[in-house]
Structures are given as structure tokens and as C-alpha cells.
Amino acid sequence: MTAGNRITATSPAGSIYDLGYRHYEGKRRGRGYAIWSLYVESLRSVWGFGRPTRAKAAPFIIGGLYAFPAALQLAFSSTLAAQIQSGQTLELFTYSTYFTQFGFFMILFCVAQAPELVCRDQRYQVLPLYFTRALSRVDYAVAKLGALASGLFLALIVPMIALFVGAVLMKPDTLGALGDEWPKALPALPACLLVALGMAAIALALSSFSPRRAYAAIGLVAYFLLMEIVPVAIYAVGHGDRVNWTWSDKLLLLAPSTTLGSAVNWFFGTALDPSLPSTLGGGDFLVAAIASIFVFSGVLLFRYRRIAA
Amino acid sequence: MNSVAAVRDIAGVTLRQLLGRRRTVLLVLLSVVPILLAAAFRAAGETDIERFTRIVFDGLYVAILLPLVAVLFGTGAFGAEIEDGTIVYLLAKPIPRAAVVIAKALSAAGVAIALTVASAGLSGVIELLPAGSDGQAATFGYITAMAVGSVCYATLFLALSLFTRRALVIGIGYMLVWEGGLSSLLPGIANLSIRQYSLGVADAFIQLHQDPARLTPSTAMTLAVILVVVAMVVASWRLMRFELPGSSD
Amino acid sequence: MTVQNVESMPGPAPAPAIELVNAARWYGNVVAVNDVSFALGPGVTGLLGPNGAGKTTLLHMLAGFLAPSAGTVHVLGRSPHRDPSVYRQIGLVPEREAVYPFLTGFEYVRFNARLQGMADADAASRRAISLVGLDDAAHRAIGTYSKGMRQRAKVAGALVHDPQVLLLDEPFNGMDPRQRLAMMDLLGQMAEAGRTILFSSHILEEVERIGTEILVMVSGRLAASGDFRAIRALMTDRPHTIKIRSSDDRRLATALMADPAVFAVELKDGSLAVQTAHLSTFRRLIAGASRAAGVRLVEVVSADESLESVFDYLVRR
């Protein structure tokens, strides 16, 4: 250690003395660790951990509401089991249709949490602080996307677990039921992953264009709802009495919830919603969902490449 | 102090606040979507008024555009001032708090009305007016629904924005969950649903729905007026007790 | 004398413009202002204290935005809480920087004047704008202003209705030294015209310029009040602690003890802690003493130069 003890004019132009600053001499970890840290912190903030209770309210209430029907089914599984004959199964909610039925809670989850993740960094102009670290712009976007997708995945998987536990407990022969049930439940993992990634990519890409959370939120709802209704409406008109717009059924592949919900069906091998056109299969929706993940991730990365830090 | 002048001045500043460039672009884009859809109906030669009103007016305007726009302006009228801390300039003035609330509500509801009525009117002109007197009546009915709904949503969520910073998310949740999901399961919710107030008042012009749970025009209007008055009183009461966020914020 | 002790106030004196009696404010279990009593009349008073001392909370209580959790707060003889009419007599410059960015400076000041119900808002606004020296930028959007200009626009908006009481929260933030002087002059003039002005600051030197009455807050309590110079003297007369490391601490200690300017010497953790009354005298002394004793100095650090330690001293005293 050098101590600035002697006052010797080393340079006539001026000099900076070492007054005993504490140097960091520990190990410096690289870019991977930086991405990981940002990912973990962002995931925590999606669920409000490490934040005041106020920040936990939205994710936990919305996540709780989403899981509530499945939890009800779990709670009443024994009552239901008593009322139905053995060998018969009674399921109000199933793995494959749960998201289609209650997915609007997940839209709400995105609306509440995606703007939290990215808007404030722009509004308070702290992005330069990130980009001058080991992180690159792409890393930042990837970490945030991963965090939101993981957060969503957790919310999506909880009711699946509840349904699974309920289905197993409903039967008297627990071990046998376990063996029967897990192959049926297993597609829930890739399905939830796909839905989580699909919603996260859309939500984050759109949010990243606004520094104000309010406008990001409005943009998100508008996208999720309008893109749902408009293709359906055009399809309905296009197959009216006078015209036959054959292309209009393809528009349904743009509807985010329909696409993700139908792709989930593909994983479980179950039939699509009968109101959907017969020209589209589960595989089409799966491809559309994956394509949308790529497109919106691309938009997100593009946005962060261009954004003025 | 001339409260009317104060209302006018605050409303003027609020309008400029609400109509920033980017947000206006976003909202105009939003309100153009249903118009385009109406044009598509026209292009397809669709003449079924019932189907058009169900998809475009009920599905897009009443269920999505109206609540989104009105909730955004309603929560934004105070929201931006609270977030930036500029609300202190309004609070530190010798004006009745009710005048501040009225000015904010007027501007929020006014902008929401302007946007939704213009958009719904255009859609009606494109698709419904050619359909004759029934189409005219439907257009007037839905324009009224836009106006009533704008005032109700804007004032309710303006009041809420004085209690929580997440008023916008709560508003979107209200629209998605309460009016969207639950009201089809529990018909009694109609009495507590702005969507039903708007549709009920619109029913004075045309019989829109066959749904037995809907409200009569007079009931709907009464409930809407009660809602607006209560929201304004609560907002004024809250503003009187409003505590500024500390400097640590 | 504008800062007075409440208890010692003579009977029916004219009501002070600002009066706090045992005022306290807490948020949950955090006490922001703790049992503060003082009364102010016309003049400029500085409210000093480190960050987090409770200055903003105190000003917000005076401005009627917060009710005291205990005790009373009076401005011009009445409680400002939930009484909007009191704002006719109060001007407030908040700490936060934000001003409507889309308004021009003139529009902003006129907005304030109109909400104050002034008959000729335009004339009043022009006057206020030129008082703070913003004439040139008056018709530019505030969004384009520098920090100092924004601060002056806020001040203009607060004094446009010529209030009896002016409360300013960190008004000198972002101003350059010249603007600071001009602003202090302005406050001085208003004080001479009989206005009561209370401004907060965490920088001693800002107050030194005005050279007036001050209140010092530390950790929510009133630590000192009175004439600035008197308090400053009290602060500077306190013993300073200086940490020294040298080639031979023990020998240096003996040499230093011989000098009357040194109160105490302590050998601790491989360094030497010296207490002295006068820093400048000591600085001259140490050089000679070390040379005479043949000791090489490695490090000489003043242990308590920060403002916080000054305030801290005041509290512990």
C-alpha cells in the first residue's frame, strides 16, 4: 500500500494523491455472472420479493386468482371422489383447457408486472448504468425476458400442480393414481414454458417502447385484447353470406391467447376449440406461437440495440 | 376566489398533460382499429345489424376501447401529477378541493368522450347508417353509451388514483375480471358494472340485447349518477387529506 | 430577534407568523419530527440539517400537507391543515424539481397567480418573473430549462401572490453561486418588507451568506436555534480530533503535549489521536513539532470534518 505522505510536486500540471482509497482486489466475475445477477434480481421483482408489501400485492393477488379454480378443485377433490363411482373421473378443469379458460388473469399479470421491469429504467434514465457494466444491451434484454418468462412460468405451473395433486388424491389407490396421472400431466411443463415465453416476449417487447408504465400497460391490454377480437371478427365477416375470404382464417394465428391456448392443446394431444376453423390444426398454432416468440424477442432486442442510453 | 375560473385553468393544464404527443398517437391508433373493422364489415357487404353491434360495438367499443381510454385518462389526470410531484402546485392554492376534482374529472371524461364518441360515431356512419333507421338508432345508442361510460369510468378511477398508485392496473383488472369474466357468471354484478350502466342508458334508443339481466335505462342512469357523485365526493374528501410523498421518494 | 423560545415569550405579544408547540410527526414507527417548538416572526430563517433530519416533513406540516401527530402547528395564527384558504398567505417552493414541462415559465407563474385568484395575473406574473431574473427565458417551455432556471421559476410561482409567509425547501439546489446570491438578496428584500421566510438547506455555507437566524435540525429534533454566527462559533470552538500516523507516534505525542493548543493525545491502534481547539494553529504546529522531534509524518487526517459530525456534535452536547 502506498500512502501519500510526502508532499512532493511530482507534476507541475497537478496530480491526484492516493488518500487511501479502498481498492477492490477481489475476484471480478464476468458477463455471465452479470446477466445471472440481473436475471435473479428481475425475477425477484416480478414477484415483489425484496420490495415492500405493496409490490407483492399485484403479482400474488393475480397469481392467486389464476390458481384459485384449480385450488378449489383440489380442495373438493375428496368430496367429489366420494360422489362419483370408482373408475370414473370428474374434472371441472383440465390441464389442457385451463389456460384458455383463465388466461385473462395472465394477461393481467403481464400488464401489472412487465412495465415494472423495463419502463422505470428508461424513465429514470438508469440504462447507461447497466450498459457501462459488463452487461451488453442484448444481455440486458435477455435477462429481463428470462425473468418475466420465469415469473410467468411459476404462476402458470401452480394450478397445474394443484390439478395434479387433486387428481391423484381423488382416487383411493394413491400410488396407482400417481402412476396413471403423471404421463397425463407431464405435457404441462413444456406447455407452460411455451405460454410463459410467448406472453413474456410480447409483453416485454411492447413495454420497452414506453418509459411510462401507464402507457405500456394500456398498450399491452390493447394488444392482447384487440388482436384477439379483431381476427375473430374478420374471420366471422369473411365467412359471411356474400364473401368468402379464404385467407381470413389464417388471421387467427395472430391472436395471442388463441394461439397459445391452442398450442397447449397440441402438447396434450387434445382437440381444439370447436369454434376454430377446421383448416387450422394444433401444429399450426404451435408454429405460430414459436414464430411469435422469435418475432417479439427480435423486436425487444432491436429496441435495446437502438435505445438511447 | 372564483372557483369556476380555477376549474377552467386547471382543466386547461390537465388537457395539455393528458394529450402529450406519444400517448395521443397510441390512443388514436387504438381508436382507429374498430373503424377499420367497421370498414371490413362494409367491404364484406354485411347487413346484419345485430351481428355488427355484437362484435364491433359490444366486443370492441364497450368491452375494450371505452374502459381502456376512460381508465387511462381517469387515472392519468392525477396520476402523472402525483408521480412527478407537481400536484403540490395545485394543493398549495386557496381553492376548494372539490374544484380541483371537478376540473380533473371534466378534462379526463371530456377527452375520453371526444375520442370514444368520435371513433364509435365514425364506425356507425361507415357500417350502420346505410342500414336505415335501425342503424341510426343503434349508432346513437352506442354513442350515448360511450359518453355515459366515459364519465363513469373516468371519475371512478380518478378517485381510486388518489388512494393507490396502481389504480390503472386495478382498472384493467376490473375491466378484465369483474366485467369480463365474472359478470357473465353472476348476473347480479350488473348493478355494479359500468358496462351495464352504459348499455342500459343506450337502451333508451334501441333495444340492443335480449339479456334479461340488463338494467332499464332509468335504473342505469340513476346508478351512473350515484356512482359519479359518490366518486367525486370521495375524491374531494381524499384530496383534502392527501399527504405528499416524502422527499425520499 | 426572530427565533424565540416559545416558553419565554412575553404574554400578549403579536402572534408569530409561524409557531410550533411540541410538534411531532411520525410515520408508522419512524419519527420524522420529534417534539419541536419554535416561533418565527418576519425575517429570513434558515432550517439546517443533514439529509433525513426531518426538514421536509417540518415544512410540509407548515404548508398544511401533513397534520402533526402530536403538538400544534400554526401559521399566521391558524392551523394550516385541511384549510386551503390559508394558502392565500403562504408561498411554497417544494423540494422536488418537477414543474409542468410543457408550460412556459410565464404560463406557469400565471397559472399560479390565477389559482391564487389575482385580479391582474399577467402583471403579477411579469413582476415575479423579473424578480427572479427569468425575463429572457420567460417564454420558453420549462422542459428546456436548466436546474437553476427551473428552481427560479418555482420561486416565482410561489411568490407571485406576495404571500406573508414563504416556505422554501432546498431552494438553492442546482443554482450557480451568482444565482444563489441573487436569490438570497431577493429573500432579504422580502424579509425587510415584513415577510416571514423559512428555507431549508443541508449546506452550511448557503446559510452563511445570508448570515441570519437559523434552526438546526438533527434526527427530527431541534438541535440549535438562534443567530447563525453564534452557533457557528459554538460549533468551531468544539475540540477537533485529528488522526496522525508517523514513524514514531510515541515521540511525536510527547512533543505535541508540550503545546497548549493540544488538549489530549491518545495512542490507539497504531495511530495517534490528537484533540485540539484550533485547527489552523495545529496545522502550523504539527509541521514544526515533527521536524524538531525528527519524526516523519505518514498521514494526517481530520477525523470530523463533515457537516454530519458538526450536527452530531450539536446533538450530543
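Residues numbered from 1 in each chain as written. Chains lettered and ligands numbered in written order. Predicted model: local features only at pLDDT ≥ 70, side-chain atom pairs only at ≥ 80, totals over all residues. Heavy atoms only, no water.

Draft legend 1. Structural detail: the overall build of chain B. A tally of regular secondary structure across chain B gives nine helices and zero strands. Going from N to C terminus, chain B has its helices and strands arranged as α-α-α-α-α-α-α-α-α. Counting only C-alpha atoms, chain B reaches 60 × 40 × 35 Å along its principal axes. Of all 249 residues assigned to chain B, the portion counted as buried reaches 59%. Long-range pairs, those at least 24 residues apart, make up 76% of the contacts in chain B with a sequence separation of at least 6. In the structure as shown, chain B presents an accessible area of about 9,300 Å², 68% of it carried by carbon and sulfur atoms. (Helix = DSSP H or I, 4+ residues; strand = E, 2+ residues; numbered from the N terminus. Buried < 20%, exposed > 50% of the residue type's maximum accessible area, 1.4 Å probe, protein only. Contact = heavy atoms within 4.5 Å. Areas by Shrake-Rupley, 256 points an atom, 1.4 Å probe, with all protein chains shown as cover.)

Draft legend 2. Summary view of the sheet that holds strand E6 (residues 90–93) of chain C. Residues and elements named next belong to chain C. Reading across from one edge, E6-E7-E8-E4-E9-E10 is the order of the six strands in this open sheet, with mixed pairing throughout. Of all strands in the sheet, those with a lone pairing partner are E6 and strand E10 (221–227), marking the two edges. This sheet shows a mean twist of 15° between the axes of neighbouring strands, independent of strand direction. Running at roughly 165° to E6, helix H4 (residues 147–159) makes contact with E6 and strand E7 (165–168) of the sheet. Here helix H5 (residues 177–192) sits on the sheet in contact with strand E4 (43–48), E7 and strand E8 (196–201), set at roughly 130° to E4. (Pairing = 2+ DSSP bridges. Axes fitted to C-alpha atoms, helices over the stretch in contact; angles between N-to-C directions.)

Draft legend 3. A look at the pairing of E4 of chain C. Residues and elements named next belong to chain C. Within E4, six of the six residues are buried, which leaves it mostly tucked inside the rest of the structure. Every second residue of E4 is oriented toward a common face, with Gly43, Thr45 and Leu47 on one face and Val44, Gly46 and Leu48 on the other, all of them buried. Across four bridges, the pairing between E4 and strand E9 (residues 213–218) is parallel. Each bridged residue has a counterpart across the sheet, and for Gly46 the counterpart in E9 is Ile214.

Draft legend 4. Layout of the interface of chain C and chain B. Counting residues at the interface gives 28 residues for chain C, matched by 30 residues for chain B. Taken together, the two surfaces of chain C and chain B that pack against each other cover about 2,900 Å², and 63% of this comes from carbon and sulfur. When residues of chain C are sorted by the area they lose upon contact with chain B, Arg96, Tyr100 and Leu115 of chain C head the list and together hold 25% of the total. On the surface where chain C and chain B come into contact, there are three salt bridges. With a closest N to O distance of 3.5 Å, Arg16 of chain B and Glu107 of chain C form a salt bridge. Counting the contacts that link chain C with chain B gives eight residue pairs in polar contact (both at pLDDT 80 or more). Listing elements by their share of the side of chain C that touches chain B, those giving two or more residues are helix H1 (55–62) and helix H2 (105–115) of chain C. Ranked by the residues each element gives to the side of chain C that touches chain B, the list is headed by H2 of chain C, at six residues. Of the residues assigned to the side of chain C that touches chain B, the class counts are 14 nonpolar, six polar and eight charged. (Buried area = accessible area lost by both parts, 1.4 Å probe. Salt bridge = Lys/Arg side-chain N within 4 Å of Asp/Glu carboxyl O. Polar contact = N/O pair within 3.5 Å; in protein donor to acceptor, adjacent residues only side chain to side chain. Nonpolar A, V, L, I, M, F, W, Y, C, P; charged D, E, K, R; others polar.)

Draft legend 5. Main features of the state of the cysteines. Within the structure shown, the criterion is met by zero disulfides over all chains. Left unpaired, Cys192 of chain A is separated from the closest cysteine sulfur, that of Cys110 of chain A, by 14 Å. (Disulfide = S-S within 2.5 Å.)

Draft legend 6. Spatial organisation of a nonpolar patch on the surface. Residue and element names in this part refer to chain B. Residues Phe163, Ile226, Val230, Val234 and Trp237 make up a contiguous nonpolar surface patch of about 450 Å² in total accessible area. One can find Trp237 in helix H9 (residues 217–240). Judged by relative accessible area, which is 45%, Trp237 ranks as partly exposed. (Patch = residues over 30% accessible without salt bridge, like charges linked within 9 Å, V, L, I, M, F, W, Y side chains within 5 Å.)

Draft legend 7. Representation of the nonpolar core within the structure. Among the nonpolar cores identified, the biggest contains 250 residues, and Met199 of chain A, Ile172 of chain B together with Leu167 of chain C are the most heavily contacted of them. Per-element accounting of this core gives the leading share, 21 residues, to helix H3 (residues 49–84) of chain B. Once residues within four sequence positions are removed from consideration, Leu167 of chain C is found in contact with Ile18, Leu59, Leu62, Ala63, Ile90, Gly91, Leu92, Val93 and Leu198 of chain C. In terms of nonpolar packing, the next biggest core, distinct from the first, is built from 14 residues, Leu256, Val274, Leu285 and Val295 of chain C among them. (Core = buried A, V, L, I, M, F, W, Y, C linked by side-chain atoms within 4.5 Å.)

Draft legend 8. Broad picture of the pairing of E8 of chain C. Residues and elements named next belong to chain C. Judged by how many residues are buried, E8 sits mostly within the fold: six of six residues are covered. Neither face of E8 is open: one carries Thr196, Leu198 and Ser200, the other Ile197, Phe199 and Ser201, and all of them are buried. Sheet analysis places E7 next to E8, joined by four bridges and oriented parallel. Looking at the pairing, Leu168 lines up with Phe199 of E8. Traced from E7 through H5 to E8, the parallel crossover comes out right-handed. (Right-handed = clockwise from strand over helix to strand, strands pointing away.)

Draft legend 9. The packing of helix H4 (residues 95–123) of chain A against helix H9 (residues 213–238) of chain A, seen in detail. Residues and elements named next belong to chain A. Two elements in contact, H4 and H9, have axes whose closest approach is 9 Å; the angle formed by their N-to-C orientations is 140°. The orientation of H4 with respect to H9, classified from their angle, is oblique. Where H4 crosses over H9, the handedness of that crossing is right-handed. Contacts between H4 and H9 pair Ile107, Cys110, Val111, Ala114, Pro115, Glu116, Cys119 and Arg120 from the former with Arg213, Ala216, Ala217, Leu220, Val221 and Phe224 from the latter. Looking at the contact of H4 with H9 residue by residue, the class counts come to eleven nonpolar, no polar and three charged. (Parallel < 35°, antiparallel > 145°, perpendicular 65-115°, else oblique. Left-handed = near helix turned anticlockwise from the far one by under 90°.)

Draft legend 10. Main features of the pattern of salt bridges. Enumeration over the complete set of coordinates arrives at 26 salt bridges over all chains. Among the ionic pairs, Glu116 of chain A bridges to Arg166 of chain B, the shortest N-O distance being 3.2 Å. One end of the pair, Glu116 of chain A, is in helix H4; the other, Arg166 of chain B, is in the loop between helix H6 (133–160) and helix H7 (167–185), on a second chain. Between Lys250 of chain A and Asp249 of chain A there is a salt bridge, with the nearest N and O atoms lying 3.8 Å from each other. Relative accessible area serves as the criterion here: at 46%, Lys250 of chain A is assigned to the partly exposed category. Residue class for Asp249 of chain A comes out buried when judged on its relative accessible area of 5%. One network of salt bridges, in which partners are shared, links Glu116, Arg120, Arg123, Arg212 and Arg213 of chain A together with Glu83, Asp84 and Arg166 of chain B.

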